[in-house]
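# Tertiary structure, described
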Amino acid sequence: MSDRIARVERTTKESSITVEIDLDGTGRTEISTGIPFYDHMLTALGQHGSFDLTVQAQGDVEIEAHHTVEDTAIVLGQAFGQALGDKRGIRRFGDCFIPMDETLAHASVDVSGRPYCVFTGEPDYMVHSVIGGYPGVPYSTVINRHVFESFAFHARIALHVRVLYGRDPHHITEAEFKAVARALREAVEPDPRVAGIPSTKGSL
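So, a few notes on the structure that sits alongside this text. (Residues numbered from 1 in each chain as written. Predicted model: local features only at pLDDT ≥ 70, side-chain atom pairs only at ≥ 80, totals over all residues. Heavy atoms only, no water.)

### Looking at unusual backbone geometry
Let me state the cut-off plainly: The helix and strand labels rest on DSSP assignments: H or I over at least four residues marks a helix, E over at least two residues marks a strand, and numbering proceeds from the N terminus.
With an omega dihedral of 0 degrees, the bond running from Tyr134 to Pro135 counts as a cis peptide bond. When you line up the elements, Pro135 lands in the loop between strand S8 (130-131) and strand S9 (139-140). Phi at Ser50 takes a positive value of approximately 55 degrees, unusual for a residue other than glycine. By secondary structure assignment, the location of Ser50 is in the loop between helix H1 (36-49) and strand S4 (52-59). A positive phi is found at Arg156, a non-glycine position, where the angle reads about 60 degrees. Relative to the helices and strands, Arg156 resides in the loop between helix H3 (144-155) and strand S10 (158-165).

Below, the structure is given as C-alpha cells:
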C-alpha cells in the first residue's frame, strides 16, 4: 500500500486553512484553529484515529467561530479523501461505540465514494450550548452536525453519528469525535484478506 498522505490548502475571504494528514501515522497532531475547544476535538480525532494530523487555520473568529470550524471540516474531508487514494486493500467499513462518563456515542462509516451523513440523538439543548470562550473564542455545539456533514461530503464517505444518551455538552461532543475517529481508523486499515477494491463494482 503506497503512502496515504495528503496536503490541502483553501483560502477564502473568511478563512485560510491548511490540513496535512497521514492515514498510516501514529496519532501525532499539531492543531491550531484559534478555537481552543475545536483544537481539542481535532487533536482527539487525530490521536484516536492514529492519523498524523496537522491543521493550521486562521479565520474571522472575531465575528464567530462558525466560518473557521466549517471551512476546516471541509478541508479535512478533502485531505482525508485524497489520502485514501483508490482504497485498494482496506476494510472499507468501520464502527465504534465510545462511552465518556455519562455519555454513549456511536459512529459507523462506509468509505463508499457516496457522500451521506446521518446525525441524530443529541439532546435539544445542544442547539444552544456553548463551550469555552472565557476568555477565548467559544465553540457553539449547534455546529456539531455541520462539522460531520461537511467532513463526510468532502471526504465522499457515508457517515452515521448518533448519541444514545448523555448530559454534558463537552462529553457528548468529545464522544462523537472519538467515535468517528475510531470508526474511520477501522475503515481505512489494511485488510490482509483483501487484495483489490472492496466492492462488487470494482471501484469506490
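### Details of the sheet that holds strand S3 (residues 29-32)
Heads up, the rule is: Two strands make a pair as long as DSSP finds a minimum of two bridges between them. Here the axes come from fitting lines to C-alpha atoms, over the contacting stretch only for helices, and the angles between their N-to-C directions go from 0 to 180 degrees. Whether two residues touch is decided by their heavy atoms; if any such pair falls within 4.5 Å, the residues are in contact.
If you trace the four strands from one edge of the open sheet to the other, you get S1-S2-S4-S3, paired in mixed fashion. The outermost strands of the open sheet, each flanked by one partner alone, are strand S1 (5-11) and S3. Going across the sheet, the axis of each strand differs from the next one's by a mean of 5 degrees, ignoring polarity. Sheet strands touched by H1: S3 and S4. Its angle to S3, the strand with the most contacts, is close to 160 degrees.

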